Every structure is written in structure tokens, then in C-alpha cells.
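Observations on the three-dimensional arrangement
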Amino acid sequence: MNNKNFAIFASGNGSNAEVLCRYALKYNYPLKFVFSDKKDAGVLSRMDKLGVEHFSIEKNKMSKIDYERHILDTLKEKDIKWIFLAGYMKILSSSFLNEFYDPNLKLNRVVNIHPSLLPSFPGKNGYGDAFDYGVKVSGVTVHFVDDGIDTGPILLQESFVRDSNDTLESFKTKGLELEHLIYPKALDMIMNDQIEVYTR
Ligand code: GRF
């Protein structure tokens, strides 16, 4: 597919979103907007500074179906083909993901960055769970999103070493630095049709 229009979804601080935006601007990739489910998310002020189109819709009392329908309307209006989740804290429903199913790739055109070496430590607290477990090596993963929690096919993974004197904070810092390196690499792969996932 030639049309690679994409959007970034983020709920919080937005450091990954900012790195992706800067990279997209530098390489002229078709980033159309950044969306947040939180109107006061840090990511939105980052986008203000970068001059990237952004908006938020809060769910409030809307049903999940109505909420996602609102988001989908905007995605369709802007002809978005790919979604990059960057610290987006809501689970996307199967029917939402189905709208982005690509029969040629046999994947949903929705990717996420997760702060652990999946399949270890899925869920909301990847760094904390890996650190508490006592891992000596951890890492970060970019994967396609499927119906499970952090279970989709893996596009990219890189590891880092935990040193004996690492605190949770320094452990997270190492991980986040790696995230900022690999998410742009994943963007490159997708924009340049270099997707490869390993299956059995
Ligand atoms: C990152 O650790 C990412 O892996 C996880 O949420 C965090 C978002 O950080 N999904 P930021 O908002 O990009 O700074």
C-alpha cells in the first residue's frame, strides 16, 4: 500500500511521540496528527511546540463503542492507514482493530512500543515488573497490536543490561533511551515496506 498516512496516539508525557514526530518531520513521513485521550496530557504541549496537528477526545460517559466511533470518524476523514501507539493507555477493541486489518500483511496496521522484552512482562508496568523480578537483561519491543494485551507479532526488539547499582529510575532511563532509538527504526521499516515478522 502506497498511502502510509499515520497518526500517533498517546495518553501521557509523550517523549516517544515527540521523537517520532521529529523523525517524521525530518524524513517527510506523512504524519497527519497526534491524538490523546487526555486533554491535559503532556504530549499535547509538546505538539504545540513542534507545530504538529493534535487534538484530544475524552471518553467521559461515552460508551466504548461510541468513543471509538468518534475517533474512527476522524481517522477516516484524514485517511489514516497506520496508527503508532506511544504510551496510549486505552485498550483498542477488536472491532476498532479490524478496521486496520491488512489482508496482505495479515496484521493490523497498529503498532505499539512496550517497555520489556515481550512476551515477558506484558501489561502496564513493564519496567517495574521486570526490575522487581530481578532480571539482568531487559529491553523494549515494538509489536503489532492484536486482540490480546501486548501479544501481537514482534517487529523489533532490543535489549539493555541491568547493572547491580541500577535503581528502578536508572533502569527506566536506560529503557526509555532505547525506546527513543528503536521507535524511529520501526517507523522507517513500516514507511519503507520492510516489515518482517517471524512465524513458526
Ligand atoms: C513508554 O515506556 C512506553 O513504552 C509505554 O509507555 C511509556 C510512554 O512514555 N508504552 P512517553 O509518554 O512516550 O514518554
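Because the structure is predicted, anything quoted here is derived from the model rather than measured. (Residues numbered from 1 in each chain as written. Predicted model: local features only at pLDDT ≥ 70, side-chain atom pairs only at ≥ 80, totals over all residues. Heavy atoms only, no water.)

**Some thoughts on the overall build of the protein**
Operational definition: Helix and strand definitions follow DSSP, with helices as H or I runs of at least four residues and strands as E runs of at least two, each counted in order from the N terminus. As a reference, a globule follows 2.2 Å times the number of residues to the power 0.38, and the radius of gyration itself is taken over C-alpha atoms. Exposure is judged per residue with a 1.4 Å probe applied to protein chains only, and the accessible area is read against the type maximum: over 50% gives exposed, under 20% gives buried, and values in between give partly exposed.
A tally of regular secondary structure across the protein gives 6 helices and 9 strands. What you see for the protein is a C-alpha radius of gyration of 16 Å, in line with the 16 Å of a compact globule of 200 residues. Structurally, the protein occupies a C-alpha span of about 50 × 40 × 35 Å along its principal axes. The 200 residues of the protein split such that 46% are buried.

**Examining the packing of aromatic side chains**
For any pair of aromatic rings, the description consists of the separation of the ring centres together with the inter-plane angle of the planes. For clarity, the cut-off: Whether two aromatic rings pair depends on their centres lying within 6.5 Å, for rings of Phe, Tyr and Trp, where Trp uses its six-membered ring; planes under 30 degrees apart make the pair stacked, over 60 edge-to-face, and the rest tilted. Only Lys NZ and Arg CZ are tested; either one counts as a charge over a ring when it is within 6 Å of the ring centre and within 35 degrees of the ring normal.
Throughout the structure, instances matching the rule amount to 16 aromatic pairs. Its end group placed over the ring of Phe-131, Arg-162 keeps NZ or CZ at 3.7 Å from the ring centre. Above the face of the Phe-171 ring, Arg-162 is positioned so that its terminal group lies 5.9 Å from the ring centre.

**Here's the deal with the side chain of Lys-4**
This is how the line gets drawn: Residue contacts are counted whenever heavy atoms from the two residues lie within 4.5 Å of one another.
When you line up the elements, Lys-4 lands in the segment before strand 1 (6–9). Taking relative accessible area as the criterion, Lys-4 reaches 10% and is therefore assigned buried. Here Lys-4 is in contact with Pro-30, Trp-82, Ile-190, Met-191 and Asp-193, once residues within four sequence places are set aside.

**A short note on the side chain of Asp-37**
Going by this rule: Polar contacts here mean pairs of N or O atoms no more than 3.5 Å apart (in protein, one a potential hydrogen donor and the other a potential acceptor; neighbouring residues in sequence count only if both atoms are side-chain atoms).
Tracing the sequence through the fold places Asp-37 in the loop between strand 2 (31–36) and helix 2 (42–50). Only 2.7 Å separates the side chain of Asp-37 from the side chain of Ser-11, close enough to count as a polar contact. Within the structure, the side chain of Asp-37 is placed 2.9 Å from the side chain of Lys-90, a separation counted as a polar contact. With near-sequence residues (within four places) excluded, Asp-37 lies in contact with Ala-10, Ser-11, Ile-57, Glu-58, Tyr-67, Tyr-88 and Lys-90.

**Some words on the nonpolar core**
To be explicit about the condition: For this analysis, a nonpolar core means a set of buried residues of the types Ala, Val, Leu, Ile, Met, Phe, Trp, Tyr and Cys, connected via side-chain atoms within 4.5 Å. Domain boundaries shown here were taken from an automatic or database domain assignment.
With 41 residues, the main nonpolar core has Phe-6, Ile-8, Phe-84, Val-142 and Tyr-183 as its most contacted residues. Among the elements that line this core, the one with the most residues is helix 6 (residues 168–191), at 9 residues. Residue contributions to this core reach at least three from each of two domains, namely domain 1 (1–90) and domain 2 (113–200). Ignoring any residue separated from it by four or fewer positions in sequence, one finds Phe-84 in contact with Phe-6, Ala-7, Ile-8, Phe-9, Leu-20, Val-111, Tyr-183, Leu-187 and Ile-190. In terms of nonpolar packing, the next biggest core, distinct from the first, is built from 19 residues, Phe-9, Tyr-67, Ile-83 and Val-145 among them.

**Describing the site of the ligand**
Rule in force here: One heavy atom suffices: a residue is near a molecule or strand as soon as one of its heavy atoms comes within 4 Å of it.
Around the ligand, the neighbouring residues are Asn-13, Gly-14, Ser-15, Asn-16, Gly-87, Ile-113, His-114, Pro-115, Tyr-127, Leu-176 and Glu-179. One of the side-chain nitrogen or oxygen atoms of Asn-13 is found 3.3 Å away from an oxygen atom of the ligand. In the model, an oxygen atom of the ligand is placed 2.7 Å from a nitrogen or oxygen of the Gly-14 main chain. The two domains that each donate at least three residues to the shell around the ligand are domain 1 (1–90) and domain 2 (113–200).

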